[in-house]
Amino acid sequence: MSHPPVVLIGPMGAGKSSCGRKLAKRLGRPFIDTDRQIAAANGPIPQIFSQHGEEGFRAIEREVVADSLADDHVVSLGGGAILDESTRANLTGCHVVLLTVTQDAVAARLGGSVRPLIADGGLTEWRRIWESRKDLYESLAGLTLDTSNRPMSRVVDEVVAWLESQERPGEHPAPDA
Ligand code: S3P
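Reading the values: the criteria
Residues numbered from 1 in each chain as written. Predicted model: local features only at pLDDT ≥ 70, side-chain atom pairs only at ≥ 80, totals over all residues. Heavy atoms only, no water. Helix = DSSP H or I, 4+ residues; strand = E, 2+ residues; numbered from the N terminus. Buried < 20%, exposed > 50% of the residue type's maximum accessible area, 1.4 Å probe, protein only. Pairing = 2+ DSSP bridges. Near = heavy atom within 4 Å. Polar contact = N/O pair within 3.5 Å; in protein donor to acceptor, adjacent residues only side chain to side chain. Areas by Shrake-Rupley, 256 points an atom, 1.4 Å probe, with all protein chains shown as cover.

(A) Quick look at unusual backbone geometry. Phi angles above zero are rare outside glycine, and Asp 72 is one such case at about 80 degrees. Its location among the elements puts Asp 72 in the loop between helix H3 (45-68) and strand S3 (74-76).

This is the structure in structure tokens:
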């Protein structure tokens, strides 16, 4: 039996790649990290931004994301992938999980990483971007989990439980059924 793709969305540093890798292992399904795929085929992301701008990066990202959304795949998207309208349309029918993180918790995670959109503005810019995208993320997600103060294995447990409830709805009747 095949399963709809499970797609992890959310801001930079929320733990999408780490959660996706662990979740795929737990489910025994293939894992795709779209940022990694983009970099493998096109070079480092900061270089893509400096050579082609954000628009050029988004065009590449759109294609890679569309190719990744096959049944049974667990896919972690870059934080801004959902800005693209066709990507949002492609998420229909997928199990979409929003991972969130507080500004305090993300501070420790972002240190040392090279993310072009926050290279200058740091945490303040991270927060501005999160707030500007929050409603969009929430409109797409079937499940939202905060990853700030607990082990990723617990987050994965909750995603697995939710997927089971989605894929076997008959075993979880509505209270008034
Ligand atoms: C971006 C997030 C990054 C990466 C790129 C742009 C964004 O991925 O795709 O730097 O627009 O939020 P992560 O969310 O994995 O850091």
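(B) Expanded view of the pairing of strand S1 (residues 6-9). Side chains of S1 alternate between two faces, with Val 6 and Leu 8 and Val 7 and Ile 9 buried alike. Two elements, S1 and S3, share three bridges in a ladder whose sense is parallel. Looking across to S3, one finds that Leu 8 is bridged to Ser 76. With four bridges joining them, S1 and strand S4 (residues 95-100) adopt parallel strand pairing. Looking across to S4, one finds that Ile 9 is bridged to Leu 98.

(C) Quick look at the site of the ligand. Neighbouring the ligand are 13 residues, the closest being Lys 16, Asp 35, Arg 58, Arg 115 and Arg 133. One nitrogen or oxygen atom from the side chain of Arg 115 is found 2.7 Å from an oxygen atom belonging to the ligand. Residue Arg 133 places a side-chain N or O atom 2.7 Å away from an oxygen atom belonging to the ligand. Burial of the ligand by the surrounding chains reaches 94%, relative to a free accessible area of 390 Å². With three residues, the single largest contributor to the shell around the ligand is H3.

Purely geometric numbers; function is a separate question.
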